[in-house]
Structures are given as C-alpha cells and as structure tokens.
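Take a look at the letters that make up each chain.
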Amino acid sequence: MPKQNRVLLKLVALKRQKAEQDLAIAQARLRTLQVGLANLQAQLEAADGSGRDFQSLSLSSRHGHVQRLLANAAEQCDLIEQAQVCVADAKENLKRILNSQDQLTAMGSALRR
C-alpha cells in the first residue's frame, strides 16, 4: 500500500504542476487582454475630439474610427470575461488537486503509524 500511495502522490504532484502552469497561462492571458483594453480606452480618449479641427473629426466619423474602437473595446471586454472564467476554472481545478494531494498525504501518514 505505501508504494501505491507514493505512485499516487507522484501522479497528483504532476497534475498539480500542470494545473499551476494552466493557471499561470490563464492569468497571463487575462493580463494581456486587460492591457489591450486599456490601450483601446486610451485610443478612445485620444479620439474624443479635443483640440481637433472639424475636418479631422468629420473624416474620423465618416470612416468609422470611433465606432470601430468601440466595437473592438466591447469585443475585448467579452474576451476578458471569458479569460476570467478560465482563470476561475483553473483555480478551482488547482484547489481540487491540492485537496487530493492533502488527502493522500494524510492517508500516507495514517498508514505509517
């Protein structure tokens, strides 16, 4: 039984390592998306028209620059929401694996007594 417990502990440790990597990847993606949204918001603030003449505002409006930025920002927000769900799922998966590891460790300790 102790050998089986060691093998299980190794398997759970590998799963934990994979779950930690998945969580780090999901968090990095979320940060990247948030930076992208901040850039889009900065572009929108720059395109608000302050200090521009009528001709540049007219061209911007005619070619849909602001509408395109707004659509991109909305799409970015949707991607951020999806990434937040992925981060939450990765955290939950890591919690389950850590709980399994703790239970196996407790079982191993009980068997040694």
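Residues numbered from 1 in each chain as written. Predicted model: local features only at pLDDT ≥ 70, side-chain atom pairs only at ≥ 80, totals over all residues. Heavy atoms only, no water.

1. Describing the confidence of the model for the protein chain
At step 1: Confidence in the prediction of the protein chain, expressed as mean pLDDT, is 86, and 81% of residues score 70 or more.
At step 2: Predicted confidence in the protein chain is weakest over helix α2 (residues 54-62), with a mean pLDDT of 65, and strongest over helix α1 (residues 2-46), with 92. (pLDDT = per-residue confidence, 0-100. Helix = DSSP H or I, 4+ residues; strand = E, 2+ residues; numbered from the N terminus.)

2. Overview of the pattern of salt bridges
At step 1: Counted by the stated rule, this structure contains 2 salt bridges.
At step 2: Where Arg-16 meets Glu-20, a salt bridge forms, and the shortest distance between an N and an O atom there is 3.3 Å. Of this pair, Arg-16 and Glu-20 both sit in helix α1, 4 residues apart, which is roughly one turn of the helix.
At step 3: Here Glu-20 falls in the partly exposed class, since its relative accessible area comes to 36%.
At step 4: Between Asp-22 and Lys-18 there is a salt bridge; the shortest N-O distance is 2.9 Å. Pair noted here: Asp-22 and Lys-18 are both in helix α1, with a separation of 4 residues, about one helical turn.
At step 5: In this structure Asp-22 comes out as partly exposed when scored by relative accessible area, which is 30%. (Salt bridge = Lys/Arg side-chain N within 4 Å of Asp/Glu carboxyl O. Buried < 20%, exposed > 50% of the residue type's maximum accessible area, 1.4 Å probe, protein only.)

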